[in-house]
Amino acid sequence: MKKLMLALALTSVATFAADTTITATMQLMDRGMQQVQRGFMFNSKSEILKGIETLKNSDAIFKTVDVTTFIPNNNKVRVTQNITNNLSEDLEVLKKAIENDEFTTATEKYGKVLNDCVACHTVIRGW
């Protein structure tokens, strides 16, 4: 009985930790998106690059965290991993466009990054 209680307690802690991690990650991603958008609005290349770095840093968690802990249906894991890989690639393309002063292309790539976010939310939240 004690082992069962201990197992339940550890499972609860692990679930809470995963929920806390994903919440903190989403808040960081939100901050990064806001930085990028603010950079575009105020013509600040450095602010856009800061936002991209914030997004890249927050996206890195999906390489180390088992996403099945916060996805309600395990068959969605593969789809979400593909979305995360797309986000990494799209952030890199966005960064290169900004560094090369290709701002029209960069706004298109920012739209693609935003689409990656919405696509993941669609899978996870079942929209």
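Residues numbered from 1 in each chain as written. Predicted model: local features only at pLDDT ≥ 70, side-chain atom pairs only at ≥ 80, totals over all residues. Heavy atoms only, no water.

*Asks:* How do you make sense of the overall build of the chain when you look at a structure like this?
*Replies:* Within the chain, the regular secondary structure consists of four helices and zero strands. Each helix and strand of the chain, placed in order from N terminus to C terminus, yields the pattern α-α-α-α. With 127 residues in all, the chain has 32% of them scored as buried. A fraction of 63% describes how many contacts in the chain between residues 6 or more apart in sequence connect residues 24 or more apart. Here the chain displays about 8100 Å² of accessible surface, and carbon together with sulfur accounts for 58% of that area. (Helix = DSSP H or I, 4+ residues; strand = E, 2+ residues; numbered from the N terminus. Buried < 20%, exposed > 50% of the residue type's maximum accessible area, 1.4 Å probe, protein only. Contact = heavy atoms within 4.5 Å. Areas by Shrake-Rupley, 256 points an atom, 1.4 Å probe, with all protein chains shown as cover.)

*Asks:* Just to check I follow, could you spell out the side chain of D116 for this structure?
*Replies:* Considering the arrangement of structural elements, one finds D116 in helix α4 (residues 103-125). Buried and without a salt bridge, D116 has K112 as its closest oppositely charged side chain, separated by 4.1 Å. When near neighbours in sequence (up to four residues on either side) are disregarded, D116 contacts I83, N86, L87 and D90. (Lys, Arg positive; Asp, Glu negative; His and termini not counted. Salt bridge = Lys/Arg side-chain N within 4 Å of Asp/Glu carboxyl O.)

*Asks:* Explanation requested: α4 in the structure shown.
*Replies:* Because the α-helix completes a turn every 3.6 residues, residues three or four places apart line up on one side. Between the first and last C-alpha of α4 there are 32 Å, a value that for 23 residues agrees with the 33 Å anticipated at 1.5 Å per step. Every buried residue of α4 is listed here: A106, Y110, V113, D116, C117, C120 and V123. (Expected span 1.5 Å × (residues − 1).)

*Asks:* What exactly am I supposed to notice about the packing of aromatic side chains here?
*Replies:* What describes a pair of aromatic rings is the distance from one ring centre to the other and the angle between the planes of the rings. Summed over the entire model, instances satisfying the criterion amount to one aromatic pair. When the ring of F40 is compared with that of Y110, the centres are 5.7 Å apart and the planes differ by 55 degrees; the resulting orientation is tilted. One end of the pair, F40, is in helix α1 (residues 2-41); the other, Y110, is in helix α4, and 70 residues separate them in sequence. Each member of the pair F40 and Y110 is classed as buried. (Phe/Tyr/Trp six-rings, centres within 6.5 Å; stacked < 30°, edge-to-face > 60°.)

*Asks:* In this structure, what is going on with helix α2 (residues 45-59)? I would like to understand it.
*Replies:* For α2, spanning 15 residues, the distance from its first C-alpha to its last is 21 Å, which sits close to the expected 21 Å at 1.5 Å a residue. Listed as buried for α2 are E47, I48, G51, I52, T54, L55, S58 and D59. Relative to the axis of α2, the buried residues are bounded by an arc of 160 degrees and lie together on one face. (Arc of directions from axis to C-beta.)

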